[in-house]
Amino acid sequence: MEVYFDNSATTRCHPKVREIMNKLYDEDYGNPSSLHMMGVRAEVYLKEARKSLATLLKVNEKEIFFTSGGTESNNLAIIGTAMANKRSGNHLITTSIEHAAVLEPMKFLEEQGFRVTYLPVDEKGVVDLEALANALCGETILVSVMAVNNEIGTVEPLEEIARLIKEKCPQAYFHVDAIQGFGKFKFYPKRMGIDMLSVSGHKINGPKGVGFIYINEKVKIKPLILGGGQQKGMRSGTDNVPGVAGLKCAAELAYENFEEKQTYLYSLRNRMIAGLKEMDGVTVNGYDDDTAAPHIISVSFQNVRSEVLLHALEEKGIYVSAGSACSSNKPAPSRTLTNIHAPKEIIESTVRISFASINTAEEVDYCLETLKELVPVLQKYVRK
């Protein structure tokens, strides 16, 4: 049996997504900037995708911009607004457990003279709202907080954060990295007080290399990619029409029977956690109930190094990750686990299990059976 439990790293492309993309590669392959009929046909796909995504978020079509994925969306939101608003202030706020696609742009801006506050989180990964309230000031121009932590699945209190920002710093913008949350939770930016929202296609059974960002029309922002002036100058470059069409399809599919899928994912998560708790020396990081996101489990196995367990499971046809996919090939310890003050031995023995709606209870049971077989054996070889 082959079991893919690394869906927070990437997901299998849905057959309907592949179908529409292949049609564009084979038939409607025109450049949407061209004036002839092939270009016009291609442009229709962009317009339909923008309309569809705007409808899902309940925003205006002109507030949706297509990008190469979550990293570009985050960079545009953070660097673009900082550069456009530096005369109003030079203070940015984020959390200590953000994805590198947020933290690296923040570090870049610090090098440009901006001041960045990194908010602490509690032992479950929830941002410290009191620290946020104390950090907000007249110089604050942007706050960026992820919706769902990519390592431990903690869901941040976005609406409370938005209220604090608007009460204390109405001039500041609120950006949300929704890359792990979109498709698992519904986001309504205008109702929730979110000014910018980043989404990636390959996390929702869509194609890699495409994403989008919602930018409220009132946000003052500078583009990062200059050239042909596509997307009203906000993001130049020949439009990735097949990718955008695939993204639209994936997003629409994610919203079909939304509550049923969410409930199903929670059932898989709860089944896995219940089985893990039957084992000795197991720690679930973050929340182990439905407070967390439905698709992510961060779990540590005492005296078993994460890389060793990962490859042992791989030999049994089970694929998980050692933390975030973007950092699992690096020796540095988990930023999230470090900032929730997990002990060193927990950090070194953690794997992430992440589900998609195509996973089954049978796969969960097979994984549990395999873990109960492997872990005691691996613990015998612990380094002293």
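Further up the page is the structure itself.
Residues numbered from 1 in each chain as written. Predicted model: local features only at pLDDT ≥ 70, side-chain atom pairs only at ≥ 80, totals over all residues. Heavy atoms only, no water.

Caption draft 1: Representation of helix α9 (residues 258-276) within the structure. Between its first and last C-alpha atoms α9 spans 27 Å; for 19 residues at 1.5 Å apiece the expected length is 27 Å, and the two agree. Considered for burial, the residues of α9 that qualify are F258, L265, Y266, L268, R269, M272, I273, G275 and L276. Summarising the contacts, the buried residues of α9 are in contact with α8 (241-255), β9 (282-285), β10 (296-301), β12 (350-354) and α13 (361-379). (Helix = DSSP H or I, 4+ residues; strand = E, 2+ residues; numbered from the N terminus. Expected span 1.5 Å × (residues − 1). Buried < 20%, exposed > 50% of the residue type's maximum accessible area, 1.4 Å probe, protein only. Contact = heavy atoms within 4.5 Å.)

Caption draft 2: Examining the side chain of S236 more closely. By the element assignment, S236 lies in the loop between β8 (211-215) and α8. Judged by its relative accessible area of 5%, S236 is buried. Among the polar contacts listed, one links the side chain of S236 to the backbone nitrogen of G229, at a separation of 2.9 Å. Those residues in contact with S236 that lie beyond four places of it in its chain are I225, L226, G227, G228, G229 and Q230. (Polar contact = N/O pair within 3.5 Å; in protein donor to acceptor, adjacent residues only side chain to side chain.)

Caption draft 3: The arrangement of the nonpolar core in detail. With 61 residues, the main nonpolar core has F174 and F187 as its most contacted residues. Look past the residues within four positions of F187 in its chain and what remains in contact with it is L56, L57, A147, L158, A178, G181, F182, M192, L197 and Y255. Of all hydrophobic cores here, the second largest spans 28 residues; its members include M272, V299, F301 and V320. (Core = buried A, V, L, I, M, F, W, Y, C linked by side-chain atoms within 4.5 Å.)

Caption draft 4: Quick peek at the state of the cysteines. The final tally for this structure, using the stated rule, is zero disulfides. Note on C137: no disulfide assigned, nearest cysteine sulfur contributed by C169 at a separation of 6.0 Å. (Disulfide = S-S within 2.5 Å.)

All we've got here are geometric facts, nothing functional implied.
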